[in-house]
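Okay, here's what each chain looks like letter by letter:
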Amino acid sequence: MPNDTPLLQLKNISREFPSAEAGEPLQVLRNLSMEVARGESIAIVGPSGCGKSTLLNLIGTLDQPTNGTIAFDVRNLGELDADELAILRNREMGFIFQSHHLLPQCTVMENVLVPTLAHGRTTEDDEERAHRLLDRVGLAARLAHRPGQLSGGERQRVAVVRALINQPQLLLADEPTGALDQATADHLGQLLVELNAEENVTLITVTHSEKLAAQMARTVELNDGQIK
Amino acid sequence: MTRTRLIFNSFAHHARSHLGTLLGAIVAGAVLTGSLVVGDSVKRTLQIQAQQRLGYIQAATVQHDRFFRGELAKAIELNNRTHFAPVLMLGAAGFAEDESGAIKTRANQIQLIGIDKSFWNHAMLKANLPPTMKDGEALINPRLAAQLGLKAGDEFRLRIAKPSVLPRDAPLSVAEDLTARLTLTVTQVTDADSELANFSLRPGAVPPFNVFVPLAWLQKKSELDGRANAMLASGPSPTAELVQSANAALRNNWRLADAELELIENEKDGVIDLRTDRIFLDANTLKATADSQTALTYIANELRIGTNAVPYSMISGVSDGFFENTPTGDETLITQWLADDLGAMVGNKIEVDYYVLGLNRQLEERSHTFTITGVVPTEKPGWRELMPNFPGIVDKDNLRDWNPGIDFESSRIRDQDEDYWKQHRGTPKAFIALATAQKLWANRYGEATTVRYTFANEKRAQIESALQEKLNPADIGLVFRDVRTEAITGQSASDFGGLFIGLSFFLVIAALILMGLLFVFGVEQRAPQIGTLLAIGFTGKTVRNLLLAEGFVLALIGAALGAWAGLAYTQAIVNLLNSEWGGAIGNGSLVYHAEPLTVLYGVLGGLFVALFTIWLTVRKLSRATAITLLLGEPAQPAETKAGRKALVTALLCAVGAIALGFAMKDAQGQMKAGGFFGAGMLLLISCLCVCHAWLGKLATGGGAAFASLGAMGWRGSARRRGRSLACIGLLACGVFLLIAVGAFRLDPNEGANERWGGTGGFALFGQSDVPVLYDLNTQTGRGEMAIDGEVDLVQFRVRAGDDASCLNLNQTREPRLLGVNPKALADKEAFTFAQGTGWEVLDETEGDAVPAIVDMNTGMWMMHVKVGDVIDYPDESGGTFKIRIAGFLANSVLQGDLIISEKQFVKHFPSASGYRVFLIDSVDPKATAAIANALSFALEDYGLELTPATRRLAEFSKVQNTYLDIFQALGGLALLLGSVGLGVVVLRNVLERRGELALLQAIGFRKSALHWLVLAEHGGLLILGLAAGIISAAVAVWPALSNPGQGMPLNLLAWTVGGILLSGLLWTWLAAAAALRGKLLPALRHE
């Protein structure tokens, strides 16, 4: 695949939600088009309710657009079934949420390796990579700890490593620093940028943080469901 | 990292939240395993009982009303280790007296068993042989000892029906001196476990009353020297093999005497006669002697030509060849003595008067006219032997001393008659054709009295050998049958494991719903984690499988612990069945027993149901999207669509219920009950669908302002529709079942005096040990039995059989058979038919099957038959005949018996004389005691036991009512679980909404108001559940209310429903109090 082909192409995307009162549907995204190049880092910003998270969910295949097409690595996502989408999410994408959503029953190492179980078994390479990445984010000494024994920033770093474990092409982060204090948030933002380069992963992050947005290569501002 | 690791990590981490789920799985598993083990316990109990009553006995031959030589047992010895024992078993009534001679205690239906030492070869003796009994001494079993209050050394008395080789109903048999009194001294009370104390060849609800006496002494006392009527067999061979070899040995070693046949050699007269003490030779015997001279000799009351008459004379029907000119048709040869006495000449017509005996020993005098075709000598050699040994005649020196079984007027005897008797004894005075004689005097006992052979040396042995070859002892019931295999397998009348699963069904369902609720609560708490797994690429199926695997571990532990708890549950059930619930098993005694395989089945069953429930809950969850789960909320289906679907289903079910109700309006019995139960169930589903739609409407019904805090509460109940509906459903199903089952409770007093009632309107039910030979409704019959005053009763002939009432746990193959005149019951319109048209059906003669009526409970639960089924039943001749179930009686005192017409009864059981069961009417309840006294006094020697019909019905009703008690008790437990479920839902709902409630408190609501809000929300669910259950149950039980003895027990139901309401409110209140405890406001921060 030539490197100049965009990793992600969104064409005329709309997303509507049915109204609770059976009136006009609620239009969250309107006719939105954009492209994301490989290895790019993008911040999606905008006021609350402008459709940032909805857009991220559509890109992450957790939701489907009402209209328009999304192509990932030239594959039309609308043509894939649920299992294919799950495999795509597992192998090609990584997710980081505002809340870390780590499995409390698993250790740090186990949490990182959980995605490797979705469609196969954990290999030695996986474990080696997990070790390396956890070492990279400064958690080498915390491998056997459980989420309850970690600080907020540490948990979020585990979530970042979990998102990277399957060597995805795309890393999606939804308000990754939203629940962190400023210093930790800054540190995590810096880490994401570094990993974007080191792991050659495309990074799309939704954020209210101007500081985090500023660390990204491009900023896309949404307003009322459209790119401003 | 592996998926297994992930599952176990998850399981361990959520162990605390799994505790509730585990508890539900344990309860479900315990109830399932426990119920199955109840089946094991019943089986083991029956095996122990079988062991106690049979010892080592494997096979037995039992003759009803016939007797064989006791020596036969010795003759057929197979080998040193195979034992045969002759037994003489007679029915008896017993009593013990106090010092003053007054009767202190009584027992009826006693088995008096004459045994010799060979009997003990069949007992599993733990110690030495029981003491040898002398004449007049007896061993008794513990049950009889307890009943009569006897111990070793005590004296007691028995009244026995004196057996008679000649059936009491046979023509010319003597119906006098029917009973004998025996005074016995107890040598020892035998040990139930090791000394065959409870010996019986028939399974029964309770051990029999047994008295063992020396065989020879009993034979002497009952005038049956050397005879026995049962033979026991046991040995090292498998039972089937033993039966085969014993029957072969029996066939080789039996003698004519074992069939009560006798070859009398009369060298002087040159004849050998085949005769029987039963007077009449039966068809099988005659078939084997078809090529021989045959005679049928009978008593003529009078032989008459004009005004000349000779009283009480023998007349013989003889076969061709007896004379050169043997009479045919209505011809007769008379003797010279008769010709002289009557002044008769060839060509004269001679009238012969004779009696025939009706069903109830009613004598009917008939007359037949013959033409004299010749005169033969007064006596020739061998003629006087043509008279069979008529009792009351054969041993009399004087004719005037005759005491035959017919009306006899000695005043009619003339001197020449007396002289004739002295000189010629019973030599026939006239001879007619055998065919004519058989037309006039053949009866159900036989068609000839003598088969005659010409004498020759050693011919007797040849004849005997030939007859033994041609006759089959099995034709007279002399055949060994396997009595052990079925008994020792412990096969019960009902599958008690299945029955208790049925009874506990609702408890299992309640436990599973509770378990499902708790599991889903646990899983819902983990919604964001599940969402994360979906987001990082796990498919819905994989996530579901992970949860199922976790549930599997939970279910496995629950099932294993449940099985362990189930054993305790069984022990509790067994204890209750041995005490409070004793009525369900006829107050027998159950032992606890568990088979490892059954426990394994219980574990597997518990595992399956728990896993299935978990699958049902996670199935829905895994369909939710990652986004909703990440937000912590499982998705709700689209309200409008789901609501519409629910309403359509509700409508369809309601229409179905109405249609089914109309269709079943005129149906009968089970069909009607089943139909209405189905209609009720449809209505219940309809109600639940309406609730579902209504909750959906509430959930989306925004816009309208809350009119009150209560209305706000109502709206709240729609937030978690699944949970709310589970509560409504659980309560509705519980109420439905409890009401539906409650309505089947039987009231034996209802309609007790009505013909349609379970008593048939009869006041008393009577059973006697000794058969009554007369119709007690007639003046003659009452006169014969010395009964004062009038009685109106229906009497039944009895062929002993297994106790097939629901008091007996054993499976029954041959219930007791009763023969009745159908008209007697039809005229009274007695009893209600659950299925079938009426008593007249017993007289139907279509097909070769004999129509029978049976109580519905006996038919359905004990015999496992339905109307129209045909079963085989053994007849007296050793074969079987077909019985067609032609009708079911609804809840009656005739439970346990198969009833056929008297005509059919005597056809198949000619030797079973008289009547032993009585339904006695009493027009005025005040007169009942007087009737009972009169009958008891007159029939004391017959061992008559009278029971008020209502009491007998109550004993049977007690079984059904006890099962209903069990069901309701277990159902009550289930409802308790149901209300705990409601409490858990309330607790969970409130905990989830602590922030919301904190907000309400923040804006000025008092805590009591919040409490009311929660109560209103969940109280509504409670009321909806109760209403849905009550409405649908009312439809379901409608037809049951019209059955005799059944009616809606409103008080009980009011208490039940009230109890459920209060219990539900209590749990709601407790849960709300627990959830609202402490400071709510900090919860706001977490929002």
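Note that the coordinates shown come from a computational prediction; the quantities given were computed from them, not determined experimentally.

K.L.:
Can you explain the packing of helix α2 (residues 15-54) of chain B against helix α16 (residues 540-577) of chain B? Please cite residues and give values.
P.N.:
Residues and elements named next belong to chain B. Two elements in contact, α2 and α16, have axes separated by 5 Å at closest approach and are oriented at 45 degrees. Taken together, the axes of α2 and α16 lie oblique to each other. In this structure, the crossing between α2 and α16 has a hand that is right-handed.

K.L.:
Help me get a handle on the nonpolar core, residues and values and all.
P.N.:
Residues and elements named next belong to chain B. By size, the foremost hydrophobic cluster in this structure holds 382 residues, and its most contacted members are A28, V211 and A511. A total of 18 residues in this core trace back to one element, the largest contributor, which is helix α28 (residues 949-992). Excluding anything up to four places from it in sequence, A28 contacts V508, A511, L512, M515, G562, G606, V609 and A610.

K.L.:
Give me the interface of chain B and chain A: which residues, what numbers.
P.N.:
At the junction of the two partners, chain B supplies 22 residues and chain A supplies 26 residues. Secondary structure elements with two or more residues in the side of chain B that touches chain A: α1 (3-13), α15 (527-535) and α18 (626-630) of chain B. If one sorts the elements of the side of chain B that touches chain A by residue count, α1(B) sits on top with six residues. Within the side of chain B that touches chain A, the residues separate by chemical class into 10 nonpolar, 11 polar and one charged.

K.L.:
Summarise the sheet that holds strand β10 (residues 226-227) of chain A; cite the residues concerned and give the values.
P.N.:
Residues and elements named next belong to chain A. Ordered in space as β6-β7-β8-β3-β9-β10, the six strands form an open sheet in which the pairing is mixed. Two strands bound the open sheet, and with one partner strand each, they are β6 (93-96) and β10. The pairing of strand β3 (residues 41-45) with strand β8 (residues 202-206) spans four bridges and is classified as parallel. Considered in β8, the bridge of A43 is made with T205.

K.L.:
Lay out the environment of W839(B) with the relevant residues and their values.
P.N.:
The topology assignment puts W839(B) in the loop between β24 (833-835) and β25 (850-855). For the pair W839(B) and P822(B), spaced 17 residues apart in the sequence, the C-alpha separation amounts to 5.4 Å.

K.L.:
Hey, could you go over α15(B) for me, with residue numbers and the actual values?
P.N.:
All names here are of chain B. Counting buried positions over the nine residues of α15 gives seven, a clear majority of the element. Buried within α15 we find Q529, I530, G531, T532, L533, L534 and A535. Directly beyond the C-terminal end of α15, a positive phi value near 110 degrees is found at G537.

K.L.:
Any details on the environment of T185(B)? Residues and values, ideally.
P.N.:
All names here are of chain B. Within the secondary structure layout, T185 lies in strand β7 (residues 179-189). Under the C-beta neighbour-count criterion, T185 is labelled partly exposed, with 15 such atoms within 10 Å. Excluding anything up to four places from it in sequence, T185 contacts G136, E137, A138, G153 and E155.

K.L.:
So what's going on with unusual backbone geometry? Which residues, and what values?
P.N.:
A positive phi angle is found at E175(A), which is not glycine, with a value near 50 degrees. Along the chain, E175(A) falls in the loop between β7 (170-174) and α6 (182-198). The phi torsion at Y312(B) lies on the positive side, around 40 degrees, for a residue other than glycine. With respect to the helices, strands and loops of the structure, Y312(B) is situated in strand β14 (residues 308-318). C-beta crowding within 10 Å serves as the criterion here: with 22 such atoms nearby, Y312(B) is assigned to the buried category.

K.L.:
Any chance you could break down the sheet that holds strand β1 (residues 8-17) of chain A for me, citing the residues and the numbers?
P.N.:
Residues and elements named next belong to chain A. An order of β2-β1-β4-β5 is seen for the four strands of this open sheet, with the pairing classed as antiparallel. Either end of the sheet is taken by a strand with one partner, and the two such strands are β2 (26-36) and β5 (75-76). Pairing geometry for β1 and β2, over seven bridges, is antiparallel. Bridge assignment links I13 to a residue of β2, and that residue is L32. Those strands touched by helix α1 (residues 52-59) are β1, β2 and β4 (67-72), and its axis lies near 125 degrees from that of β1.

So, how was this worked out
- Residues numbered from 1 in each chain as written.
- Chains lettered and ligands numbered in written order.
- Predicted model: local features only at pLDDT ≥ 70, side-chain atom pairs only at ≥ 80, totals over all residues.
- Axes fitted to C-alpha atoms, helices over the stretch in contact; angles between N-to-C directions.
- Helix = DSSP H or I, 4+ residues; strand = E, 2+ residues; numbered from the N terminus.
- Parallel < 35°, antiparallel > 145°, perpendicular 65-115°, else oblique.
- Left-handed = near helix turned anticlockwise from the far one by under 90°.
- Core = buried A, V, L, I, M, F, W, Y, C linked by C-beta atoms within 7 Å.
- Buried ≥ 20, exposed ≤ 12 C-beta atoms within 10 Å, placed from the backbone.
- Contact = placed C-beta atoms within 7 Å.
- Nonpolar A, V, L, I, M, F, W, Y, C, P; charged D, E, K, R; others polar.
- Pairing = 2+ DSSP bridges.

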